[in-house]
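Coordinates in review
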Amino acid sequence: MNNNVTPDYIITICDGPSCIHKKSKELKESVTAQLKRFGLLDKTRIILSGCLGMCAKGPVMIINPGYTIYAGFNIIDVPEIIEEHLVKKTQVSRLVVQEDNLYNRFYRVFGDVNFFGKQMRIALRNCGIIDPESIDDYLSVRGYEALAKVLSDMQPQDVVQELKKCGLRGRGGAGFPTGLKWSLTAEQPGPEKFVICNADEGDPGAFMDRSAIEGDPHTVIEGMVIGGYAIGASKGIVYIRAEYPLAIKRLEKAIADARAEGLLGANILDSGFSFDLEIRLGAGAFVCGEETALIQSIEGRRGMPRPRPPYPSVKGLFGKPTLINNVETWANIPVIILDGASWFSSVGTEKSKGTKVFALAGNVVNTGLVEVPMGTTLREIIYDIGGGIPDGKQFKAVQTGGPSGGCMPEQYLDTPVDYESLQQAGSIMGSGGMIVMDEGACMVNIARFFLEFTQNESCGKCTPCREGTKRMLEILTRITEGKGEAEDIDKLERLGRMIKKASLCGLGQSAPNPVLSTIANFREEYEEHVRDKKCRAGVCTALLSYTINEKCVGCGACKRVCPTAAISGAVKQRHVIDPAKCVRCGKCMETCKFNAIVRG
Amino acid sequence: MVELAQEKYRQLEEFMAGVKQGPRPESNLIAILHKAQELFGYLDREMMDKISVEMKIPSAHIWGVATFYHYFRLTPPGRHTVSVCMGTACYVKGAQQVLDAIRNELKVELGETTEDRVFSLQEARCLGACGLAPVVMIDEKIYGGLDSRKVIELLRGYRKKAGQALVQG
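Owing to the predicted nature of the structure, the values given are computational and were not obtained by experimental measurement. (Residues numbered from 1 in each chain as written. Chains lettered and ligands numbered in written order. Predicted model: local features only at pLDDT ≥ 70, side-chain atom pairs only at ≥ 80, totals over all residues.)

**Side note on the overall build of chain B**
- Across its full length, chain B holds seven helices and four strands.
- Secondary structure elements of chain B, listed N to C terminal, follow the sequence α-α-α-α-β-α-α-β-β-β-α.
- Once the C-alpha set of chain B is aligned to its principal axes, its extents read approximately 50 × 40 × 25 Å. (Helix = DSSP H or I, 4+ residues; strand = E, 2+ residues; numbered from the N terminus.)

**Some details on the overall build of chain A**
- Within chain A, the secondary structure is distributed over 24 helices and 17 strands.
- Taken over C-alpha atoms, the radius of gyration comes to 27 Å for chain A, in line with the 25 Å a tight globule of 600 residues would show.
- Overall, the C-alpha framework of chain A stretches about 90 × 65 × 40 Å when taken along its three principal axes.
- By the burial criterion, 53% of the 600 residues in chain A qualify as buried.
- Summarising the internal contacts of chain A: among those between residues at least 6 apart in sequence, 70% fall at separations of at least 24. (Rg over C-alpha atoms; globule rule 2.2 N^0.38 Å. Buried ≥ 20, exposed ≤ 12 C-beta atoms within 10 Å, placed from the backbone. Contact = placed C-beta atoms within 7 Å.)

**Looking at unusual backbone geometry**
- With an omega of 0°, the peptide bond between glycine 190 of chain A and proline 191 of chain A qualifies as cis.
- Positionally, proline 191 of chain A belongs in the loop between helix H8 (178-187) and strand E5 (194-199).
- Cis geometry marks the peptide bond from alanine 133 of chain B to proline 134 of chain B, where omega comes out at -10°.
- Looking at the secondary structure, you find proline 134 of chain B in the loop between strand E2 (119-124) and strand E3 (136-138).
- For leucine 269 of chain A, which is not a glycine, the phi torsion comes out positive at approximately 50°.
- Here leucine 269 of chain A lies in the loop between helix H11 (245-260) and strand E7 (276-281).
- At arginine 117 of chain B, a residue that is not glycine, the phi angle is positive and equals roughly 60°.
- Residue position: arginine 117 of chain B is located in the loop between helix H6 (95-106) and E2.

**Focus on the interface of chain B and chain A**
- Listed per partner, the contact involves 30 residues of chain B and 38 residues of chain A.
- Secondary-structure elements contributing two or more residues to the side of chain B that touches chain A are helix H2 (29-40), helix H4 (59-68) and helix H5 (88-92) of chain B.
- Classifying every residue of the side of chain B that touches chain A by side-chain character gives 17 nonpolar, ten polar and three charged. (Nonpolar A, V, L, I, M, F, W, Y, C, P; charged D, E, K, R; others polar.)

**Brief notes about the confidence of the model for chain B**
All names here are of chain B.
- For chain B, mean pLDDT is 88; residues scoring 70 or higher make up 96% of the total.
- Here H5 stands out as the element of chain B with the lowest mean pLDDT, 79, in contrast to H4, whose mean of 95 is the highest.
- Both confidence scores are given for the complex: pTM 0.83, ipTM 0.82. (pLDDT = per-residue confidence, 0-100.)

**What to know about the domain arrangement of chain A**
- Under the domain assignment, chain A is made up of domain 1 (9-98), domain 2 (135-344), domain 3 (355-438), domain 4 (443-532) and domain 5 (544-599).
- Taking only C-alpha atoms into account, the centre of domain 4 of chain A sits 36 Å from that of domain 5 of chain A. (Domains from an automatic or database assignment.)

**Some details on the domain arrangement of chain B**
- As assigned here, chain B comprises domain 1 (2-68) and domain 2 (80-167).
- When each unit is reduced to the centre of its C-alpha atoms, the spacing between domain 1 of chain B and domain 2 of chain B is 30 Å.

**A look at the nonpolar core**
- Grouped together as the largest cluster of nonpolar side chains are 208 residues, with contacts concentrated most on Ile226 and Ala359 of chain A together with Val84 and Cys85 of chain B.
- If you look at the next biggest cluster of nonpolar residues, it comprises eleven residues, including Ile548, Cys558, Cys588 and Ala596 of chain A. (Core = buried A, V, L, I, M, F, W, Y, C linked by C-beta atoms within 7 Å.)

**Some details on the packing of H2 of chain B against H4 of chain B**
All names here are of chain B.
- Closest axis-to-axis distance for the H2/H4 pair is 11 Å, and the angle between their directions is 70°. If you check the angle between H2 and H4, you find them roughly perpendicular. The two elements H2 and H4 meet at a crossing, and its hand is right-handed. For the pair formed by H2 and H4, the contact residues are Leu29, Ile30 and Leu33 on the first element and Ile62, Val65 and Ala66 on the second.
- Residues belonging to the contact of H2 with H4 are distributed by class as follows: six nonpolar, no polar and no charged. (Axes fitted to C-alpha atoms, helices over the stretch in contact; angles between N-to-C directions. Parallel < 35°, antiparallel > 145°, perpendicular 65-115°, else oblique. Left-handed = near helix turned anticlockwise from the far one by under 90°.)

**Here's the deal with the sheet that holds strand E10 (residues 368-373) of chain A**
Residues and elements named next belong to chain A.
- Taken in spatial order, the five strands line up as E10-E9-E13-E11-E12 in an open sheet, and their pairing is mixed. Since the sheet does not close on itself, it has two edges, and those belong to E10 and strand E12 (406-409), each with one partner. Each adjacent strand pair in this sheet contributes to an overall mean axis angle of 30°, direction not counted.
- The pairing of strand E11 (residues 395-400) with E12 spans four bridges and is classified as antiparallel. Within the sheet, the bridge partner assigned to alanine 397 lies in E12 and is proline 409.
- Sheet contacts for helix H15 (residues 378-385): strand E9 (355-362), E10, E11 and strand E13 (433-438); angle to E10, the most-contacted strand, approximately 135°. (Pairing = 2+ DSSP bridges.)

**What to know about the packing of helix H2 (residues 24-37) of chain A against helix H3 (residues 78-87) of chain A**
Residues and elements named next belong to chain A.
- With their axes 9 Å apart at the nearest point, H2 and H3 run at an angle of 45° to one another. Judged by the angle between their axes, H2 and H3 are oblique. When the axes of H2 and H3 are compared, the crossing they make is right-handed. Across from Leu27, Ser30, Val31, Gln34 and Leu35 in H2, the residues of H3 making contact are Val78, Pro79 and Ile82.
- When the residues that make up the contact of H2 with H3 are grouped by side-chain class, the tally is six nonpolar, two polar and no charged.

**Considering helix H6 (residues 145-153) of chain A**
All names here are of chain A.
- Of the residues making up H6, those classed as buried are Ala146, Leu147 and Val150. On an axial view of H6, the arc spanned by its buried residues comes to 100°, and they lie on one face. Exposed and facing more than 90 degrees away from the buried side of H6 are Ser152 and Asp153. (Arc of directions from axis to C-beta.)

**Digging into the pairing of strand E3 (residues 60-64) of chain A**
All names here are of chain A.
- Among the five residues that make up E3, four are buried, leaving the element largely enclosed by the rest of the structure.
- Of the strand pairs in this sheet, strand E1 (residues 9-14) and E3 are connected by four bridges, and their pairing is antiparallel. Counterpart to threonine 12 in the pairing with E3 is isoleucine 62.
- Pairing of E3 with strand E4 (residues 68-71), which is carried by four bridges, proceeds in the antiparallel orientation.

**Overview of H2 of chain B**
- The end-to-end C-alpha separation of H2 of chain B is 16 Å, in line with the 16 Å expected for twelve residues at 1.5 Å each.
- Summarising the contacts, the buried residues of H2 of chain B are in contact with E7 and helix H12 (291-298) of chain A together with helix H1 (2-21), helix H3 (45-55) and H4 of chain B.
- One or two residues past the end of H2 of chain B sits glycine 41 of chain B, with phi positive at roughly 90°. (Expected span 1.5 Å × (residues − 1).)

Have a look at this one:
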């Protein structure tokens, strides 16, 4: 449709990672076809938007005006929705997301006021609202206004001062004060300096940066140009995972569009300031999220960290002063400039300002992307926003910070989300992964999972990390296989503390965290594994035993499926399992119709 | 076949020539390897030697980089690439069982290709589809909500189709 005409309807179709797999593109085609059928195509604007955060309910489509959210429908429902909603002016109520949940509330008020339920969106303010591939859309939500303000009214040092005042801290996980980082880089002599956006999101189970770039690429670009102006750099690089093709595509388009509008390149907005951006692809190495390793990778080398100091702000990319910030940090910058440092610092807690984006996943009803003010408690995120634990199960632990973080049990649920409190609870803020686990999760196994990951990703440069994580993994594997020895738990703790102290970079310094925190909070579970050779969650197969009880009618079904012929017994008589032959595959239990096989 | 390979080499050379126009050309090594893998499906020694000559970067350095990053593969891939997501959300929801089932069915380990060259098996760290966990990606297509039974059915379907394609030439 013609962009100069105000449309009667706006239909927003979520094109986030989960919804893409639920055929968002085909949905758009179907919606277009239906609109054509009713002659409404000229009056309607269709937007394929970034992640709306309702991943568990996908596909998701919002019809405006009226903010009606349709979710969990099929492509065959589209004709009905369009006809009922736009022609007959009613709703297909069975497919409309009902009013009583939090997701709804903020879409209704989004753009008008700053509060919606328990979420607050600063970094993701435009995700799901605008068409990420349209620079006009971004401009219509005051896009690039912060850049214009900076270039016309502010000196570089004013920008740095504003950043220092606002209290923003690095969103990549460590929480280093962003303003301080900027001023350290700004102080260094030029002329060549660099600005880098770290979009090498590697934590398993985290997809915040991906969604932010896919949903609103221009925000990141605007933030980086402002950063370049503040520190005196004319070149910026976005280092992004090659595994995110859509994010790369959208970023490429956004950069080209910004160049065409004179918002990137030489003499931006006639200010005399020049700045350009380049995309560099990662190649699947977790350690490249560490800033010195990332710099090595951009230089075309193996991504191995080097000791700091000198910090990248002094000696970074190609030996020049370099400012590195994470995607979410960059996305906050335009808001801080436009709404002011004092407003920004009014959000959050005393030491942690602003909001944090989390990728909520695991055993929780509403998996998806949430952004909450710092200081929101874990309980509010998991129960009020996340909707609690599904299938009537009990909450067991919540894991933040990915492979660098820790598992927090129930007594920490009222911990407010800020850098210090999470650290006191034995975890870290991290980049934003938040995995909820119910009683079916074995803590020893989870610790082993994370350690296997870091062990695999250890670059091998320093000995404590390379060898230490390997030994820890061996011990953990031994425990989960029922071969644990009495002193193993103490050994793990001692080794873990040593690796934390002696490793070169953040990967090694935090790698033992999942193990140490699960030992601290779930020690009895470790002891059961070692002493009693028992796994209460029924996850560690080597520790399970299968027995047949008196309910057995002797049908022989289990005997036939057993792959190792461990079950014997005559017809119509109670069968028995030979534990020496049993490989604990559980097939017999799945097959038995009489609930006669029990796992213990 | 030979012509096709030559055409691909020509594209790679063109890419390298473009890179050499800009500042610090050697810093683009990873981008060059991405391009080579995109064209050929994998990286082999001969290709790395060519890049070495063209870019004036030691072969040993290129080999070091290519083996450091998981994204680069050094053996030809099968017709279909099966990536099992082992992100935390998928793991909590049973990705290990799904992976074990695939291993059993295909008789390959991670990073290997089946004898008939139909499937390559690899693990992915997080495919960003945590809402659908556990997830397996076959080529570019995502399958969610799997268990060991469903994934085997899925693979058998692919194998059947691959067999038919082979017969038809």
